[in-house]
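Analysis of the macromolecular model
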Amino acid sequence: MVKNIIIIGTRCAPAQVSSGNAGCDPPVRRHDATHMKTLTRIDWHQLPAEQAARLLESDPAGGLVPAEVEARRQRFGPNQITAQQRVPRWLRFLLQFHQPLIYILLASTVV
């Protein structure tokens, strides 16, 4: 099964990606919401580290310069995961019984 990888607005086959974008348009430098959505469609775990760093426009050895860090923080916000409200334990316990078979078993014990 061959998957296509989207690289910053272009579609390339995995062989093209690993061979340095042969036959693909070069990546376009865009730091906006569209660019971030495109980057989320890439199978990062299949890319070599050097190529992932190049697509992220970063230097693997030195990282980003402070000015670029601040610019990306301004565009994309802080690099943090927003905590979601957890389901209370008592509700999780009751949801364990929210299945049709449990209702049938409870009804059969009454009869």
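Keep in mind it's a predicted model, so treat the numbers as computed, not measured. (Residues numbered from 1 in each chain as written. Predicted model: local features only at pLDDT ≥ 70, side-chain atom pairs only at ≥ 80, totals over all residues. Heavy atoms only, no water.)

Moving on: the overall build of the protein chain. Of the regular secondary structure elements, the protein chain holds 6 helices and 2 strands. Walking the protein chain from its N terminus toward its C terminus, one meets helices and strands in the order β-β-α-α-α-α-α-α. Counting only residues that meet the buried cut, the protein chain has 20% of its 111 residues in that class. Put simply, of all contacts in the protein chain between residues at least 6 apart along the chain, 46% involve residues at least 24 apart. (Helix = DSSP H or I, 4+ residues; strand = E, 2+ residues; numbered from the N terminus. Buried < 20%, exposed > 50% of the residue type's maximum accessible area, 1.4 Å probe, protein only. Contact = heavy atoms within 4.5 Å.)

Here we come to the environment of Leu56. Note that Leu56 resides in the loop between helix 3 (49–55) and helix 4 (66–76). Separated by 17 residues in the primary sequence, Leu56 and Leu39 place their C-alpha atoms 8.4 Å from one another.

A few words now on the packing of aromatic side chains. For the structure on display, the rule yields 1 aromatic pair. Ring plane angle 80° and centroid distance 5.2 Å describe the contact between Phe93 and Phe97, whose orientation is recorded as edge-to-face. (Phe/Tyr/Trp six-rings, centres within 6.5 Å; stacked < 30°, edge-to-face > 60°.)

Bringing the pattern of salt bridges into the picture now. According to the stated counting rule, one finds 2 salt bridges in the structure shown. A salt bridge links Arg72 to Glu68, with the shortest nitrogen-to-oxygen separation between them at 2.8 Å. With Arg72 and Glu68 both in helix 4, this residue pair falls 4 residues apart, about one helical turn. By the burial criterion, Arg72 is buried, and Glu68 matches it. Here Glu70 and Arg73 are joined by a salt bridge, their closest N and O atoms 3.7 Å apart. (Salt bridge = Lys/Arg side-chain N within 4 Å of Asp/Glu carboxyl O.)

The next subject is unusual backbone geometry. Even without being glycine, Glu57 reaches a positive phi, approximately 55°. Along the polypeptide, Glu57 turns up in the loop between helix 3 and helix 4.

Before going further, it helps to spend a moment on the confidence of the model for the protein chain. On average, residues of the protein chain carry a pLDDT of 75, and 68% of them reach 70 or more. Within the protein chain, the lowest mean pLDDT, 42, falls on strand 1 (residues 5–7), and the highest, 93, falls on helix 5 (residues 89–95). In the model, residues 1–28 has pLDDT below 50 throughout and makes 47 contacts with residues more than four positions away in sequence or in other chains. (pLDDT = per-residue confidence, 0-100.)

Looking now at a nonpolar patch on the surface. Together, Val87, Trp90, Leu91, Phe93, Leu94, Leu95 and Phe97 make up a nonpolar patch on the protein surface, roughly 700 Å² of accessible area in all. On the secondary structure map, Phe97 appears in the loop between helix 5 and helix 6 (100–110). The partly exposed category is assigned to Phe97, whose relative accessible area is 38%. (Patch = residues over 30% accessible without salt bridge, like charges linked within 9 Å, V, L, I, M, F, W, Y side chains within 5 Å. Areas by Shrake-Rupley, 256 points an atom, 1.4 Å probe, with all protein chains shown as cover.)

Moving on, we get to the side chain of Glu68. According to the relative accessible area criterion, Glu68 is buried, its value standing at 15%. A polar contact of 2.8 Å, which involves the side chain of Glu68, links it to the side chain of Arg72. (Polar contact = N/O pair within 3.5 Å; in protein donor to acceptor, adjacent residues only side chain to side chain.)

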